[in-house]
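# Chains, contacts and geometry: an overview
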Amino acid sequence: ISFQWDEELRRQADNLALINSRIQLTKIRIDVSDAQRAAILDHISRKQNNGEEGDESVLDLTQSSLYRVYNNASFEQGGRFYGAWWQAVPKRWRPYIMIGGSKVVELDFAAMHPTALSHQLGIPVSHRFYEIGVGNKPLVKATFNALINARGTSIKPVDDFDENSVGLPWAKFLAAVKQHYHAYSSYFGSGYGLRLQKLDADIAEAVMLHFVRTGRVVLPVHDSFLCAQADEAELA
């Protein structure tokens, strides 16, 4: 898609080049056995077979450069960082990743998009945002975020939704989620989630640049980051 370079896009491109150059100078590896590596590859392969996000059913440790993905032909939607091998590693295996010989710690933002929306709407942020009395946290989280990302509010059942375990058919569960979060209803079916992704991507850029400018790296997994153990307090 053709586009025009402007000062902001050049700034983002220059920052991306700076981040990638520092990553290339840093030894990043994963300390696992052959059996553990096989388990990781199996997980990646199954995600692909289920149509989920993922690059390849291999773990190419040479693929450490990041790129940014925008959506809907707009540089104000999306913009998250993709492309690096550690992003394909399942969460349970990420503690085995090493940065410059150090074990890593992973920190993330809790309920990042709901927190941003709450601030925009002037609503106090709940520390148990996804606990609504029905379903479980992963189902409620997936449903809420689907409503924010979708164009229209008649969304399909989210992954792992099971009527028997939830105790409600999908239509009633969806209605319960909408009712609980009625204060956010102006964003339901708006596709606004991609604009929130731009926000979290810009925050990720700022976090990475903070460390790059002192010769260190943190590794992004969207709204979470892997850092060397010595950098945990600073990252927090």
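Within each chain, residues carry numbers counting from 1 in the order of the written sequence. The model is predicted, so local features are restricted to residues of pLDDT at least 70 and side-chain atom pairs to those at 80 or more, both for listing and for counting; the totals for chains, interfaces and linings are taken over all residues. With hydrogens and water stripped out, all remaining heavy atoms of the structure feed into the side-chain values.

### A few points about the overall build of the protein
Numbering of helices and strands runs from the N terminus; a helix is a DSSP stretch of H or I covering at least four residues, while a strand is a stretch of E covering at least two. Assigned secondary structure in the protein consists of eight helices and seven strands. Only the C-alpha atoms count toward the radius of gyration. The rule for a globule is 2.2 Å times the residue count to the power 0.38. Computed over its C-alpha atoms, the radius of gyration of the protein comes to 19 Å, within 12% of the 18 Å expected for a compact globule of 236 residues. Reported as C-alpha extents along the three principal axes, the dimensions of the protein are approximately 50 × 50 × 40 Å. Exposed residues in this analysis have more than 50% of their type's maximum accessible area, buried residues have under 20%, and partly exposed residues fall in between, with area computed by a 1.4 Å probe over protein chains only. Residues classed as buried in the protein amount to 41% of the 236 residues present. We call two residues in contact whenever any of their non-hydrogen atoms come within 4.5 Å of each other. Across the protein, the fraction of contacts at a sequence separation of at least 24, relative to all contacts at a separation of at least 6, is 65%. Only the protein chains shown count as covering a residue, and every accessible area follows the Shrake-Rupley method with a 1.4 Å probe. Accessible surface computed for the protein: about 13,100 Å², of which carbon and sulfur atoms make up 49%.

### A short note on the pairing of strand β3 (residues 74-82)
Of all nine residues in β3, seven are buried, a share of seventy percent or more. In this structure, strand β2 (residues 67-71) lies alongside β3, joined through five bridges in antiparallel fashion. Counterpart to Val69 in the pairing with β3 is Arg80. Hairpin connection, β2 to β3: the antiparallel pair is bridged by two residues, and Asn72 has positive phi, about 55°. A pair of strands counts as paired when DSSP detects no fewer than two bridges linking them.

### Re the nonpolar core
Soluble globular proteins tend to pack their nonpolar side chains together in the buried interior. Only buried residues count toward a nonpolar core, which is a set of Ala, Val, Leu, Ile, Met, Phe, Trp, Tyr and Cys residues joined through side-chain atoms within 4.5 Å. In this structure, Ile30, Leu66, Trp85, Trp86, Ile97, Val218 and Leu219 are the most contacted members of the largest nonpolar core, which totals 34 residues. Looking at which element gives the most residues to this core, the answer is helix α7 (residues 193-212), with six residues. Apart from the residues within four sequence positions on either side, Ile97 is in contact with Ile28, Arg29, Ile30, Trp85, Trp86, Ser102, Lys103, Val104, Leu219 and Leu226. In this structure, Phe129, Val140, Val158 and Phe188 belong to the second largest nonpolar core, which totals 24 residues.

By themselves, these figures tell us nothing about what the structure is for.
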